[in-house]
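Single-letter residue listing:
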Amino acid sequence: MKIVCAEQALVEAELVGGLLACPSCQGTLGPWGHARERVTRRFLGDWRWRPRRARCRGCRGTHVLLAEVCLLRRQDEVEVIGAAIEAHVAGEGHRPIAARLGVPAGTVRGWLRRFDQRSELVRALFTRCAVGLDPELGPVLSAGSVVADALEAIAVAGRAWVLRFGPCPVWRICSRLTAGGLLSCNTSSLATGAW
Ligand SMILES: [Zn+2]
């Protein structure tokens, strides 16, 4: 699995042009069919799409190219999930957040619980990413709680990313830096998150 830009035409051009690197061995990925269709719930409405599959010319491994607007095994786009996390850290309950975003309350509660459980891991990962992206970065100050610190670390890493690579919404950067695994059970995606 590899996180790529949400513009499918651009991904296609990069894939055909040999510009995408294998997440396992950094070899060159080439086209290898498509994964099954999926529906991603976005702020702008439902998005039906078929992720591209790619095969590495080096290690022969195959990978699904997941758009950066997605997280692994989540139907809602990362910016919707991120908006819920921001409201949660600001003190709003999961029911009003769910009503505002038009998402089932149980789904939002699941995201927020998972984020709470993983917040120390998330804080540590994004702090490492921020320093990796910007070695001049000063210490990241505590925002007052573990979840607030995790959100602050995401923001700091996002700013460092933008300074280095140009404008990109922070939650999409978050998807890239965790290889889609921000809320996944498996921590290996967080451990190997790379840009
Ligand atoms: Zn490979």
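Keep in mind that what you see is a predicted model, and the values were worked out from it rather than measured.

### Re the packing of aromatic side chains
For any pair of aromatic rings, the description rests on two quantities: the centre-to-centre distance and the angle between the ring planes. Per the counting criterion, the structure on display carries 2 aromatic pairs. Look at tryptophan 47 and tryptophan 49: their rings are 4.5 Å apart centre to centre, the planes differ by 5°, and that puts the pair in the stacked class. In this structure, tryptophan 47 and tryptophan 49 share a single accessibility class: buried. Judged by centre distance (4.7 Å) and plane angle (55°), the ring pair of tryptophan 161 and phenylalanine 165 falls under tilted. One end of the pair, tryptophan 161, and the other, phenylalanine 165, are both in helix H5 (residues 146-165), 4 residues apart, so they sit about a helical turn from each other.

### A short note on the packing of helix H2 (residues 78-89) against helix H4 (residues 105-133)
Each pair of packed helices can be described by the angle between their axes along with the distance between the axes. The geometry of H2 relative to H4 is characterised by a closest axis approach of 10 Å and an angle of 70° between their N-to-C directions. One finds that H2 runs roughly perpendicular with respect to H4. Once H2 is placed against H4, the crossing between them reads as right-handed. Facing H2, whose interface residues are Val80, Ile81, Ala84, Ile85 and His88, H4 presents Val108, Trp111, Leu112, Phe115 and Asp116. Per-class residue counts for the contact of H2 with H4 are 8 nonpolar, 1 polar and 1 charged.

### What to know about the packing of H5 against helix H6 (residues 170-177)
Contact geometry for H5 and H6: axes closest at 9 Å, N-to-C directions at 95°. On the basis of the axis angle, H5 is roughly perpendicular to H6. Contacts between H5 and H6 involve Leu151, Ile154, Ala155, Ala157, Gly158, Trp161 and Val162 from the former and Val170, Trp171, Ile173, Cys174, Arg176 and Leu177 from the latter. Each residue belonging to the contact of H5 with H6 can be placed in one class, and the counts come to 11 nonpolar, 1 polar and 1 charged.

### Examining the coordination of the zinc ion
By definition of the ideal shapes, a tetrahedral metal site with four donors has angles of 109.5 degrees and an octahedral site with six donors has angles of 90 or 180 degrees. Looking at the metal site, the zinc ion is ligated by Cys22 (SG), Cys25 (SG), Cys56 (SG) and Cys59 (SG), spaced 2.3 to 2.4 Å from it. Classification of the site at the zinc ion rests on its 4 donor atoms, whose angles at the metal span 97 to 119°, yielding the label tetrahedral. Written as a sequence motif, the donor arrangement for the zinc ion is C-x2-C-x30-C-x2-C. Placement of the pair is cysteine 22 in the loop between helix H1 (8-16) and strand E2 (29-34) and cysteine 56 in strand E5 (residues 52-56), with a sequence separation of 34 residues. Look at cysteine 56 and you get buried, because its relative accessible area is 1%.

### Remarks on the sheet that holds strand E6 (residues 62-67)
Pairing in this open sheet of 4 strands is mixed, and the strands run E1-E6-E5-E2 from one edge to the other. Every other strand in the sheet has two partners, leaving strand E1 (2-4) and E2 as the edge strands with one partner each. When the angles between neighbouring strand axes are averaged without regard to direction, this sheet yields 40°. Here 4 bridges tie E5 to E6, and the two strands are oriented antiparallel to one another. Looking at the pairing, arginine 53 lines up with valine 64 of E6.

### Some thoughts on the pairing of strand E3 (residues 38-42)
Judged from the 5 bridges that link them, E3 and strand E4 (residues 45-49) form a sheet pairing that is antiparallel. Residue pairing in the sheet places arginine 41 in a bridge with aspartate 46 of E4. Taken together, E3 and the strand that follows it, E4, pair antiparallel across an intervening segment of 2 residues.

About the cut-offs
- Residues numbered from 1 in each chain as written.
- Predicted model: local features only at pLDDT ≥ 70, side-chain atom pairs only at ≥ 80, totals over all residues.
- Heavy atoms only, no water.
- Phe/Tyr/Trp six-rings, centres within 6.5 Å; stacked < 30°, edge-to-face > 60°.
- Buried < 20%, exposed > 50% of the residue type's maximum accessible area, 1.4 Å probe, protein only.
- Helix = DSSP H or I, 4+ residues; strand = E, 2+ residues; numbered from the N terminus.
- Axes fitted to C-alpha atoms, helices over the stretch in contact; angles between N-to-C directions.
- Parallel < 35°, antiparallel > 145°, perpendicular 65-115°, else oblique.
- Left-handed = near helix turned anticlockwise from the far one by under 90°.
- Contact = heavy atoms within 4.5 Å.
- Nonpolar A, V, L, I, M, F, W, Y, C, P; charged D, E, K, R; others polar.
- Donors = N, O, S within 2.8 Å, 3.2 Å for Na, K, Ca; no water.
- Tetrahedral: all angles 85-135°; square planar, octahedral: opposite > 155°, others 65-115°.
- Pairing = 2+ DSSP bridges.

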